[in-house]
Amino acid sequence: MKKLSEMTHEELLAFKNETEKQYLDFKSLDLHLDMSRGKPAPAQLDLTMPMLNVLSADDTLSTEKGLDCRNYGVLDGIPEAKQMFADVLGVKPENIIVYGNSSLAIMFDTITRAWTHGLLGSTPWSKLDKVKFLCPVPGYDRHFGITQYYGIEMINIPTDENGPDMDMVEKLVSEDASIKGIWCVPQYSNPTGVSYSDEVVKRFAALKPKAEDFRIFWDNAYCIHHLTDSPKCILNIFDECKKNGTENMVYEFMSTSKVSFPGAGVAVLAASVENVEYIKKGLGVSTIGFDKINQLRHIRFFKNAEGLKNHMKLHKNIIAPKFAVVIDQLEKNIAPLGIASWHNAEGGYFISFNAMKGCAKRIVSLCKEAGVVLTGAGATYPYGNDPDDSNIRIAPSYPTVEELTKAMELFCICIKLASAEKLLEK
């Protein structure tokens, strides 16, 4: 198959006309598929339904240590839950706070605390003339939404197969005290699927920021979401921080939102003991404790970190074939044309697709018009502004394999059509 860039004007016009016919055929199918978010499929949610039966009215609803989960108290989580998540993240229980169901809520709460009260005695961010955040791109739109909500200036940081551009990160944080943090998804990044290299993790831990209250927001959302039988393992950032005396610089987050139930999971924060104690002071004002019965439910079902990881193998069996469908369709229909690139993810929930410059919005619009809703073009950049109008986040988890196959056939047609249109403009 000839690359589009090598076609003559006449060949390209004929290609466009043929692709338009294929597109109109798909529009007549009246598809209705939503691939805009990384939602677990119903089959994945079914895996956890037995969790609803592990507790009953006849149960004492108490932990192994005799803690009554029906009552007030225990601000930072029941001991068994703290231990399980400490084992997953490679820290100690005293470094863990177990919250409600949303790690995004923890991140918002953490930014809010810095905004109103500062961090460990520093000036509240709201009282500063300027607050900036570093944002590896393409990245997670909900991260960017939090900082944008507070009017925090966001600075794009390019990424490659190893993670963020650390030369740029080191230079910026060492020179500018108004830079207060950086968003990171270190394992199977959203949306690229990249896992940070050992060197990148070490350089993060060794940062020497000009701002004493600079924080790395280490959103390790996909640390157990593997798609292969030999998963990648990134370095433990807290181990590296201990070597540099920078333990206070990191907040780590994860949850069971895509492990148990997205609407009724458990979320956790890992941090230094000093950070944990400071955060608990604020939590003690806002709540008397999170849902300990739900924490107990998760412990009775998963039992421990090993049980949690074993459960994830069941998820892999459901979603790995869907990722394979996406890659297969792109390799077969798009790769020979030389009009796009993508990352073959080994974990996480997304595939990052890069179209020709100036084509992403057109592709997303064409798909929507034909009945397939994708994440909005530009969403993976701060302020929704992808300077190249190129990146599209593909979320293959929710549709069935059959639905996804049909959606990807349409997606490939839309890529071809938008690319041909762009080349014919020249």
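First, a word on what this report is: a plain description of the structure on this page. (Residues numbered from 1 in each chain as written. Predicted model: local features only at pLDDT ≥ 70, side-chain atom pairs only at ≥ 80, totals over all residues. Heavy atoms only, no water.)

## Describing the overall build of the chain
Next up, step 1: If you tally the helices and strands in the chain, you get 13 helices and 13 strands.
Next up, step 2: A compact globule built from 426 residues would reach a C-alpha radius of gyration of about 22 Å, and the chain, at 23 Å, matches this within 12%.
Next up, step 3: Expressed along its principal axes, the backbone C-alpha trace of the chain runs to roughly 75 × 55 × 35 Å.
Next up, step 4: Buried positions account for 55% of the 426 residues belonging to the chain.
Next up, step 5: Once local pairs closer than 6 in sequence are excluded, the contacts in the chain between residues at least 24 apart make up 76%.
Next up, step 6: Summed over all atoms, the accessible surface of the chain reaches about 18200 Å², with 50% contributed by carbon and sulfur.
Next up, step 7: One finds the centroid of the 47 positive side-chain charges in the chain at a distance of 2 Å from the centroid of its 54 negative side-chain charges. (Helix = DSSP H or I, 4+ residues; strand = E, 2+ residues; numbered from the N terminus. Rg over C-alpha atoms; globule rule 2.2 N^0.38 Å. Buried < 20%, exposed > 50% of the residue type's maximum accessible area, 1.4 Å probe, protein only. Contact = heavy atoms within 4.5 Å. Areas by Shrake-Rupley, 256 points an atom, 1.4 Å probe, with all protein chains shown as cover. Lys, Arg positive; Asp, Glu negative; His and termini not counted. Charge placed at Lys NZ, Arg CZ, Asp CG, Glu CD.)

## Quick look at the pattern of salt bridges
Next up, step 1: Summed over the entire model, instances satisfying the criterion amount to 24 salt bridges.
Next up, step 2: A salt bridge links Arg37 to Asp141; its shortest N-O distance comes to 2.8 Å. You can see Arg37 sitting in the loop between strand E1 (33–35) and helix H2 (42–46) and its partner Asp141 sitting in helix H5 (residues 141–149), a full 104 residues away along the chain.
Next up, step 3: When its relative accessible area of 18% is taken as the criterion, Asp141 is described as buried.
Next up, step 4: Through salt bridges that share partners, Asp76, Lys82, Glu277 and Lys280 make up one connected network. (Salt bridge = Lys/Arg side-chain N within 4 Å of Asp/Glu carboxyl O.)

## A look at the packing of aromatic side chains
Next up, step 1: Scanning the model with the defined rule gives 19 aromatic pairs in all.
Next up, step 2: What links up through ring pairs into an aromatic cluster is the set Trp125, Phe133, Trp183, Phe217, Tyr251 and Phe253.
Next up, step 3: For Lys258, the ring lying beneath its charged end belongs to Tyr349, and the centroid distance is 5.2 Å.
Next up, step 4: When the ring centre of Phe350 is taken as origin, the NZ or CZ atom of Arg393, which lies over that ring, is 4.3 Å away. (Phe/Tyr/Trp six-rings, centres within 6.5 Å; stacked < 30°, edge-to-face > 60°. Lys NZ or Arg CZ within 6 Å of the ring centre and 35° of its normal.)

## What to know about the environment of Ser230
Next up, step 1: Here Ser230 is to be found in the loop between strand E7 (215–219) and helix H8 (237–244).
Next up, step 2: For Ser230, a relative accessible area of 62% puts it in the exposed group.
Next up, step 3: For the pair Ser230 and Glu153, spaced 77 residues apart in the sequence, the C-alpha separation amounts to 39 Å.

## Points about helix H1 (residues 9–27)
Next up, step 1: A rise of 1.5 Å per residue sets the reference length of H1, with its 19 residues, at 27 Å; its end C-alpha atoms lie 27 Å apart and thus fit the reference within 8%.
Next up, step 2: Taken as a whole, H1 has its buried residues at Leu12, Phe15, Lys16, Thr19, Tyr23 and Phe26. Seen end-on, H1 carries its buried residues on one side only, within an arc spanning 100°. More than 90 degrees from the buried face of H1, the exposed residues found are Glu10, Lys21, Leu24 and Asp25.
Next up, step 3: Tucked into the core, H1 has its buried residues touching helix H12 (360–369) and helix H13 (401–424). (Expected span 1.5 Å × (residues − 1). Arc of directions from axis to C-beta.)

## Here we look at the sheet that holds strand E5 (residues 163–164)
Next up, step 1: Pairing is mixed in the open sheet, where eight strands are placed in the order E2-E9-E8-E7-E6-E3-E4-E5. Because the sheet does not close on itself, it has two edges, and the strands there are strand E2 (96–98) and E5.
Next up, step 2: Where strand E4 (residues 153–160) and E5 come together, two bridges link them in antiparallel fashion. Residue pairing for E5: Asp160 is matched across the bridge by Gly163.
Next up, step 3: Relative to E2, helix H3 (residues 79–89) is tilted by about 125°, and along the sheet it contacts E2, strand E8 (250–255) and strand E9 (267–270).
Next up, step 4: On the sheet, H5 packs against strand E3 (132–137), E4, strand E6 (179–184) and E7 and is oriented at approximately 160° with respect to E6. (Pairing = 2+ DSSP bridges. Axes fitted to C-alpha atoms, helices over the stretch in contact; angles between N-to-C directions.)

## Comments concerning the nonpolar core
Next up, step 1: Residues Leu4, Leu330, Phe353, Ile363, Val372 and Phe411 are the most contacted members of the largest nonpolar core, which totals 58 residues.
Next up, step 2: Going through the elements one at a time, H1, E1, helix H11 (305–333), strand E11 (351–355), H12, strand E12 (372–374), strand E13 (391–394) and H13 are the ones with two or more residues in this core.
Next up, step 3: With 14 residues, H13 is the largest single contributor of residues to this core.
Next up, step 4: Excluding residues that lie within four positions of it along the chain, Ile363 makes contacts with Ala355, Ile392, Phe411, Cys414, Ile415 and Ala418.
Next up, step 5: Within the second largest apolar cluster, 53 residues are counted, among which are Met84, Leu89, Cys184 and Ile224. (Core = buried A, V, L, I, M, F, W, Y, C linked by side-chain atoms within 4.5 Å.)

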